[in-house]
2 protein chains.
Amino acid sequence: MAVYTDVSDEDLEAFVAEYDIGAVESCKGIAEGVENSNYLLQTDTGPYILTLYEKRVNPDDLPFFLNLLDHLAARGVKCPTPIHGRDGRALRELCGRPAAITSFLRGMWPKRILPHHTAELGKAMAELHAAGADFPMSRRNDLSVDGWRPLFDRCADAADSVRPGLRETVARELDVLEARWPRDLPTGVIHADLFPDNVFFLGEKCSGLIDFYFACTDAFAYDIAICLNAWCFEPDGQFNITKARNLLLAYSRLKPVSKAELEALPILCRGAAMRFLLTRLYDWVNTPEGAMVKRKDPGEYLHKLVFHQQVDSAAAYGLDPADVA
Amino acid sequence: MAVYTDVSDEDLEAFVAEYDIGAVESCKGIAEGVENSNYLLQTDTGPYILTLYEKRVNPDDLPFFLNLLDHLAARGVKCPTPIHGRDGRALRELCGRPAAITSFLRGMWPKRILPHHTAELGKAMAELHAAGADFPMSRRNDLSVDGWRPLFDRCADAADSVRPGLRETVARELDVLEARWPRDLPTGVIHADLFPDNVFFLGEKCSGLIDFYFACTDAFAYDIAICLNAWCFEPDGQFNITKARNLLLAYSRLKPVSKAELEALPILCRGAAMRFLLTRLYDWVNTPEGAMVKRKDPGEYLHKLVFHQQVDSAAAYGLDPADVA
């Protein structure tokens, strides 16, 4: 659930006057994006998205995010495109917060995932990875293996109150991940948060990707691992190998997956499960009772972690490393 | 803060297919309307509002609300107009809830109230009252004087924990209101919840009224009293007589205010303050700590009640009963 900053009409009108997008007709807070305040802004030239960056986003990262969107859009990736003001700037300030206007992306995120969705996702992710190849900026992934233990240290004391034995399970798994984390896979720009609510569809086709505020420079295959976690488990916890296979096949058709990447998938999937287990655990422990934020169950990702711990080859995800040898 | 029901794409597409409004391109939950789930629905013919009626609205009242909007729109009142499906129906079901699509009303609600806003409000309210005069349906106001004591009985035990002495203050005031409540003022359709977030502006002009889900048949002057409470106190608690006078003058220019109505204003204002004090107190006491609803401070309306208790003539609101004698 997003935060909503009340933007006064005067401030909004002055802000929009910096752009060549016409006069404001409407501006409504929307339930989109967890980290920022998003508004659907209508002017007499059409709909736009206005984003106010709230405290969880580091302002120093904003040029990376906005330049990345410009870069991707110029290469035909369907994503929100920053609107530049008359002074050329895409990033300015509104209500004391960094703020930007982007194009409006048509489409809706799928509430019920069907196998064709993951094929479209694989295709869109491969296009994203390919288009980002010559993006000149880089951004470290703070939520990768080196960041997990410090994060866990800040919520470990409460882990067992969420699930008995969780503290020990996470500590042991971190030992394994730190020892076995692959460091030499092909890297580039990844989205790092391609959950269903960040992938829009019009009919059966993907119409674009949104919410690039975790994007960073990391292993491409780690982005795949995040998606296997986020898209390929059924609501009852069962892993759906058809959805996983669709994702991997569609991706590899556009961007070949190396043998090393495929072999690393099980450990990358364990890492991706750990990443969301830890951030959810941290939020669970640190979200005040009365906060207007829906806390997400860390247990969902413990379940996924345990599944991946039992996987010994990418064949379990529907694509055998032997296939790409 | 609104509730959001996750509407699946399949359900939404089937729902929209009942109308002649084109194909769905986007549907986003918006932070508008406290009682219902509202979505900004975009189709290839433009923007619409999709409303899912949640549990706080009695389904039996929906024909009153939707017919009223049809009636008002036909008389030129700027308000959301129900879109009728090919079968003629404006009310159907989506995700197990009553649901309707209305036209999209341009404009934004004023975050900072200036004196010209209340003049526009007075004009729009007078037009609403006049246009509703020949509306054939009626709906009792459950949140008027007869409803207050039963509501208070359900939260009185906790009143003093919100503010010491509040229980006694409310009980005494209810005695006064029940004894002195005017029963013979001119009645008709009133909005009954014309807070700033339900009144849209484009530039300096009112562009329309929304959220008619408290509309009912009651004294016109009670609607004025609600607005005096909701629009004419400054954030620091001071009553702004200029805003009140602008409201009353603009209203009375289009729809004359009788001497009886003006004389009743102080007690009606006390009643309106009591109504919002009680519903806020009830919500305060009955909203679970972790609920995703921002509780509103009942104390704000205690302060307003105390102000009106010291008023002995509508002259305190900027319009002297002698002026209309």
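In this text the structure is predicted, and so the values were computed from the model without any measurement. (Residues numbered from 1 in each chain as written. Chains lettered and ligands numbered in written order. Predicted model: local features only at pLDDT ≥ 70, side-chain atom pairs only at ≥ 80, totals over all residues. Heavy atoms only, no water.)

Caption draft 1: Seen up close, the overall build of chain A. If you tally the helices and strands in chain A, you get 10 helices and 9 strands. Its C-alpha atoms give chain A a radius of gyration of 20 Å, within 12% of the compact-globule value 20 Å for 325 residues. Oriented by its inertia axes, the alpha-carbon framework of chain A measures out at about 60 × 45 × 35 Å. Relative to its full complement of 325 residues, chain A shows a buried share of 56%. By element, 50% of the accessible surface of chain A is carried by carbon and sulfur atoms, the whole surface being about 13,500 Å². Each charge class in chain A was averaged separately, 35 positive and 47 negative side chains, and the resulting centres sit 4 Å apart. (Helix = DSSP H or I, 4+ residues; strand = E, 2+ residues; numbered from the N terminus. Rg over C-alpha atoms; globule rule 2.2 N^0.38 Å. Buried < 20%, exposed > 50% of the residue type's maximum accessible area, 1.4 Å probe, protein only. Areas by Shrake-Rupley, 256 points an atom, 1.4 Å probe, with all protein chains shown as cover. Lys, Arg positive; Asp, Glu negative; His and termini not counted. Charge placed at Lys NZ, Arg CZ, Asp CG, Glu CD.)

Caption draft 2: Fine view of the relation of the copies chain B and chain A. Note on the identical chains: chain B maps onto chain A by a rotation of 180° and an axial translation of 0.1 Å, with an RMSD of 0.0 Å. Both chain copies can therefore be described as sitting about a two-fold axis. Both copies share a contact surface, since 100% of the interface residues of chain B are interface residues in chain A too. (Least-squares fit on C-alpha atoms with pLDDT ≥ 70 in both. Contact = heavy atoms within 4.5 Å.)

Caption draft 3: Geometry of the pattern of salt bridges. Taken as a whole and assessed by the stated rule, the structure comprises 42 salt bridges over all chains. Between Glu168(A) and Arg172(A) there is a salt bridge whose closest N-O contact spans 2.8 Å. Remark: Arg172(A) and Glu168(A) occur in helix α6 (residues 166–180); sequence separation between them is 4 residues, near one turn of the helix. Among the ionic pairs, Lys259(B) bridges to Glu263(B), the shortest N-O distance being 4.0 Å. On the criterion of helical spacing, the pair formed by Lys259(B) and Glu263(B) is a turn pair, its members being 4 residues apart in helix α9 (residues 259–286). Given a relative accessible area of 40%, Lys259(B) falls into the partly exposed group. Taking relative accessible area as the criterion, Glu263(B) reaches 49% and is therefore assigned partly exposed. Through salt bridges with shared partners, a single network forms among Glu18(A), Asp87(A), Arg89(A) and Arg92(A). (Salt bridge = Lys/Arg side-chain N within 4 Å of Asp/Glu carboxyl O.)

Caption draft 4: The packing of aromatic side chains, seen in detail. Residue and element names in this part refer to chain A. Evaluated as defined, the whole model comprises 28 aromatic pairs over all chains. Aromatic side chains Phe195 and Tyr301 sit 6.4 Å apart centroid to centroid with 45° between the ring planes, which places their arrangement in the tilted category. One end of the pair, Phe195, is in the loop between β6 (187–190) and β7 (199–202); the other, Tyr301, is in helix α10 (residues 299–309), and 106 residues separate them in sequence. Each member of the pair Phe195 and Tyr301 is classed as buried. (Phe/Tyr/Trp six-rings, centres within 6.5 Å; stacked < 30°, edge-to-face > 60°.)

Caption draft 5: How the structure looks around the interface of chain B and chain A. With 38 residues of chain B at the interface, the matching set in chain A holds 38 residues. Both faces considered, chain B and chain A share a buried interface measuring about 3,100 Å² in area, 59% of it formed by carbon and sulfur atoms. Viewed at the interface, chain A and chain B are joined by 4 salt bridges. The interface formed by chain B and chain A includes 7 residue pairs in polar contact (both at pLDDT 80 or more). Taken together, the elements giving at least two residues each to the side of chain B that touches chain A come down to α1 (9–16), β1 (24–30), β2 (37–43), β3 (46–52) and β7 (199–202) of chain B. In terms of residue count, the dominant contributor to the side of chain B that touches chain A is β1(B) (7 residues). (Buried area = accessible area lost by both parts, 1.4 Å probe. Polar contact = N/O pair within 3.5 Å; in protein donor to acceptor, adjacent residues only side chain to side chain.)

Caption draft 6: Examining the packing of helix α3 (residues 115–131) of chain B against helix α7 (residues 220–231) of chain B more closely. All names here are of chain B. The geometry of α3 relative to α7 is characterised by a closest axis approach of 11 Å and an angle of 160° between their N-to-C directions. By the angle between their axes, α3 is roughly antiparallel relative to α7. Crossing geometry of α3 relative to α7 is assigned as right-handed. Packed against α3, whose contacting residues are His117, Thr118, Leu121, Met125 and His129, the element α7 presents Phe220, Asp223, Ile224, Cys227 and Trp231 at the interface. By residue class, the composition of the contact of α3 with α7 is 6 nonpolar, 3 polar and 1 charged. (Axes fitted to C-alpha atoms, helices over the stretch in contact; angles between N-to-C directions. Parallel < 35°, antiparallel > 145°, perpendicular 65-115°, else oblique. Left-handed = near helix turned anticlockwise from the far one by under 90°. Nonpolar A, V, L, I, M, F, W, Y, C, P; charged D, E, K, R; others polar.)

Caption draft 7: Region of interest: the side chain of His129(B). All names here are of chain B. Mapped onto the secondary structure, His129 falls in helix α3. Classification of His129 as buried rests on a relative accessible area of 0%. Looking at His129, its side chain comes within polar contact range of the side chain of Tyr251, at 2.6 Å. Not counting chain neighbours up to four residues away, the residues in contact with His129 comprise Val189, Ile190, Phe220, Asp223, Tyr251 and Lys255.

Caption draft 8: The arrangement of the packing of α6(A) against helix α9 (residues 259–286) of chain A in detail. Residues and elements named next belong to chain A. The geometry of α6 relative to α9 is characterised by a closest axis approach of 11 Å and an angle of 140° between their N-to-C directions. Judged by the inter-axis angle, α6 sits oblique to α9. The handedness of the crossing between α6 and α9 is left-handed. Each of Leu166, Val170, Glu173, Leu174, Val176, Leu177 and Arg180 in α6 lies in contact with α9, whose residues at this interface are Ile267, Arg270, Gly271, Met274, Leu277, Leu278 and Leu281. Across the contact of α6 with α9, the residue classes tally to 10 nonpolar, 1 polar and 3 charged.

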